[in-house]
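# Structural features, examined
The residues making up each chain are set out below.
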Amino acid sequence: MFKIYNTMSRSLEELIPLEDNHVRLYTCGPTVYNYAHIGNYRAYMFEDLLRRWIQYKGFKITQVQNLTDVDDKTIRGSRESGKALRDYTQTYKDTFFEDLKVLNIEPAEHYPAATDCIPEMIALIEKLFEKGLAYKSDDGSVYFPIDKFAEYGKLARLDRAGMRAGARVDQDEYDKDNAADFALWKGYVEEDGEVVWDSPWGKGRPGWHIECSAMSQKYLGKTFDLHCGGVDNIFPHHEDEIAQSEGANGCLYSKYWMHNAHLQVEGKKMSKSEGNFFTLREILEKGYTGREIRYELIGTHYRKSLNFTFDSLNANRAALARLDDFYAKLQEYIGTEAEAGELPSWAVEMETRFAAALDDDLNIAGGLGALFDGVHAGNKAFPMDPKEAAAVSNLWKKLDTVLGFLEPPKEEVPSELIEMAEARAEAKKNKDWAEADRLRNAVAAAGWIIQDTPSGPKLKKA
Ligand code: AMP
Ligand code: ZN
């Protein structure tokens, strides 16, 4: 039973999809106005662990992650750069997908861009007009009247008594104290330049919140299972999404809500506006690998704040080396044995404890504890029976479908060494032992070891 902490109920609940075995997940994606910082990647890493665990549990998944390529921030950025909005955001879309690969984050099934879904947003606003949940102001903008939606504030648990009926807020981002009628559609202003669409209410552009309501509905339907984002999204973004979607459709929007805590630097949320951020590429330039950063971002429970330090990144190297040593030893003992036998009891215990921890609202600390205890026990179990080692190696690969950092990085083997290893195999076949030894020694002199496996010779760094 997989239990998750549902922000809506503020309690642990079992994840039971609405549609038999299929989990439909919406995760708020990047605003592509700059390189995403590793705080953003903490959110996407949590969602990656979540989707991987959902699949491990045997569910099918459909995940939608949007790209916010039109909002206050992207328009401001494109103006400042002197580029057209589309060209300006394309750079950051491209680097976002490159970063996902570096961090080994599994791709979502759909990545809709807001600018490709404007008709869906307009249709949703029209529906809100029909229901009396939208009104036009003198400047051509359209607002959502929060006092007309009785459940407004249910996710963030706002005090409705303190709300100022009729007051309006124009910005996409604002705090709880400024809860007010929010913009569904922003009437055209000169600063928007060429960023403009026609609508039944005149020229303008969508508000940020309506984008996610429309994009989730387009790919997941009016009601879906699970909606995620960082805690900063609870208000106003997710509260406003609920008001728009439930107001327009008259049915539940998302069954569960999960929110990750922030990545912090010296006690403060890492953010562009604070200027205390590192982009992924900045950290890679310092010589850290995507795998080390992945390990750092995944290793703290998603609801606990994570303090980012380079000391901790450095410490990860030792932890990963320990895992790699264990895996390498397993491969040695497997030798040429391809068939896996029974798992030894310490490995069964490792898997059971790992699964119990992850089932408990993705308790990754417990999961990693089980893994390292398993490695400790496994190291004492060498020399290992080859069939047993093969079974443990398979378990390792299975756990890596969840963790995504267990497989050691592949070393690029120089092509001339591969040729020498193949020539050696040929020499052995011809019983030319002297030539085989000569080639093995030549490869060793270059710092590599030849391992004979059923699928031919493999090279490993000495
Ligand atoms: P944005 O591009 O600002 O819309 O943010 C994209 C996602 O990253 C949202 O789900 C945010 O909640 C999340 N996020 C932003 N800053 C942080 C941070 N410092 N730590 C964790 N998540 C963050
Ligand atoms: Zn969103």
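Residues numbered from 1 in each chain as written. Chains lettered and ligands numbered in written order. Predicted model: local features only at pLDDT ≥ 70, side-chain atom pairs only at ≥ 80, totals over all residues. Heavy atoms only, no water.

## Re the overall build of the protein
Inclusion rule: Put simply, DSSP marks the helices as runs of H or I at least four residues long and the strands as runs of E at least two long, and each gets a number from the N terminus on. Buried residues are those whose accessible area, probed at 1.4 Å on protein chains only, stays under 20% of the maximum for their type, while exposed residues exceed 50% and partly exposed ones sit between those limits. Surface exposure here means Shrake-Rupley accessible area, sampled with a 1.4 Å probe, where a residue is shielded only by the protein chains that are shown.
Within the protein, the regular secondary structure consists of 14 helices and 16 strands. If one aligns the C-alpha atoms of the protein with their principal axes, the spans along those axes are about 90 × 50 × 40 Å. Burial analysis of the protein (462 residues in total) assigns 52% to the buried set. Here the protein displays about 20500 Å² of accessible surface, and carbon together with sulfur accounts for 49% of that area.

## Notes on helix α10 (residues 345-359)
Think of an α-helix as 3.6 residues a turn; residues three or four steps apart then line up on the same face. For clarity, the threshold we go by: To estimate how far a helix should reach, multiply one less than its number of residues by 1.5 Å. Note on contacts: a residue pair qualifies if any of its non-hydrogen atoms lie within 4.5 Å across the two residues.
Taking 1.5 Å of rise per residue, the 15 residues of α10 would be expected to cover 21 Å, and the 21 Å separating its terminal C-alpha atoms lies within 8% of that figure. For α10, the set of buried residues is W346, A347, M350, E351, F354, A355, A357, L358 and D359. Looking at the buried positions of α10, the neighbouring elements they touch are β1 (3-6), α1 (38-56), α9 (310-334), α11 (364-380) and α12 (386-403). Phi turns positive one or two residues past the end of α10, at D361, with a value near 55°.

## Regarding the packing of aromatic side chains
Stated formally: Aromatic contacts are taken between Phe, Tyr and Trp rings whose centres are within 6.5 Å, Trp giving its six-membered ring; a plane angle under 30 degrees counts as stacked, one over 60 as edge-to-face, and the others as tilted.
Scanning the entire structure with this criterion turns up 31 aromatic pairs. Ring centres 6.1 Å apart and planes at 70° place the aromatic pair W53 and F354 in the edge-to-face group. Here W53, found in helix α1, pairs with F354, found in helix α10; they are 301 residues apart in sequence, far enough to count as distant. The two residues W53 and F354 agree in class, both being buried. Seen from their ring centres, F144 and F149 are 6.2 Å apart, and the 75° between their planes marks the pair as edge-to-face.

## With respect to the coordination of the zinc ion (ligand 2)
Our working rule: Metal-coordinating donors are taken as N, O and S atoms lying within 2.8 Å of the metal, or within 3.2 Å when the metal is Na, K or Ca; because water is left out, some sites can appear incomplete.
The zinc ion (ligand 2) binds to the protein through C28 (SG), C212 (SG) and H237 (NE2); the donor distances cover 2.0 to 2.2 Å. Between consecutive donors of the zinc ion (ligand 2), the numbers of intervening residues give the motif C-x183-C-x24-H. With C28 in the loop between β3 (22-27) and α1 and C212 in helix α5 (residues 208-220), this residue pair connects regions lying 184 residues apart in the sequence. One exposure class covers both C28 and C212, and it is buried.

## Examining the packing of helix α13 (residues 415-429) against helix α14 (residues 433-445)
Basically, it comes down to this: Between N-to-C directions, angles cover 0 to 180 degrees, with each direction set by a line fitted to C-alpha atoms, over the stretch in contact for helices. The scheme is simple: roughly parallel for angles under 35 degrees, roughly antiparallel for over 145, roughly perpendicular for 65 to 115, oblique for anything else. Put simply, a crossing is left-handed when the front helix is turned counterclockwise from the back one by less than a right angle, and right-handed when it is turned clockwise. Each residue receives one of three labels: charged for Asp, Glu, Lys and Arg, nonpolar for Ala, Val, Leu, Ile, Met, Phe, Trp, Tyr, Cys and Pro, and polar for the others, Gly being one of them.
With their axes 8 Å apart at the nearest point, α13 and α14 run at an angle of 160° to one another. Here α14 runs roughly antiparallel to α13, going by the angle between their axes. The element α13 and its partner α14 pack so that their crossing is left-handed. Across the interface between the two elements, L417, M420, A423, R424, A427 and K428 from α13 touch W433, E435, A436, L439, R440, A442 and V443 from α14. Broken down by class, the residue content of the contact of α13 with α14 amounts to nine nonpolar, no polar and four charged.

## A short note on the sheet that holds strand β4 (residues 60-65)
Test applied: A pair of strands counts as paired when DSSP detects no fewer than two bridges linking them.
Across the sheet, four strands lie side by side as β4-β3-β10-β11; this open sheet has parallel pairing. Here the strands that pair on one side only, and so sit at the sheet edges, are β4 and β11 (254-260). With direction set aside, neighbouring strand axes in the sheet form an average angle of 20°. Direction of pairing for strand β10 (residues 224-230) relative to β11: parallel, over a ladder of six bridges. Across the sheet, the residue bridging to H227 is W257, located in β11.

## Notes on the site of ligand 1
How we decide: Nearness is judged by heavy atoms alone; a residue qualifies as near a molecule or strand once a single heavy atom is within 4 Å of it. The definition of a polar contact used here is a pair of N or O atoms within 3.5 Å, where within protein one atom must be able to donate a hydrogen and the other to accept one, and adjacent residues in sequence count solely through side-chain atom pairs. Computed over the protein atoms alone on a 1 Å grid, cavities are sets of points where a 1.4 Å probe fits but cannot get out and pockets are open sets with protein on both sides within 12 Å along at least five of seven lines; a residue lines them when it has an atom within 4 Å of a point. Think of it this way: if more than half of a molecule's atoms are within 2 Å of a pocket's grid points, that molecule is in the pocket or cavity.
Within the structure, ligand 1 sits among 19 residues, and G39, D232, N233, L263 and M270 are positioned closest to it. In this structure, a nitrogen atom belonging to ligand 1 sits 3.1 Å away from a main-chain N or O atom of G39. Between ligand 1 and N40 there is a distance of 3.2 Å, counted from an oxygen atom to a side-chain nitrogen or oxygen. Contact with the protein chains hides 94% of the accessible area of ligand 1, taken as 490 Å² for the molecule alone. Judged by its atoms lying within 2 Å of the grid points, ligand 1 is housed in the second largest pocket. Listing elements by their share of the shell around ligand 1, those giving two or more residues are α1 and β10. A per-element tally of the shell around ligand 1 places α1 first, with four residues. Along the lines of polarity and charge, the residues of the shell around ligand 1 split into six nonpolar, ten polar and three charged.

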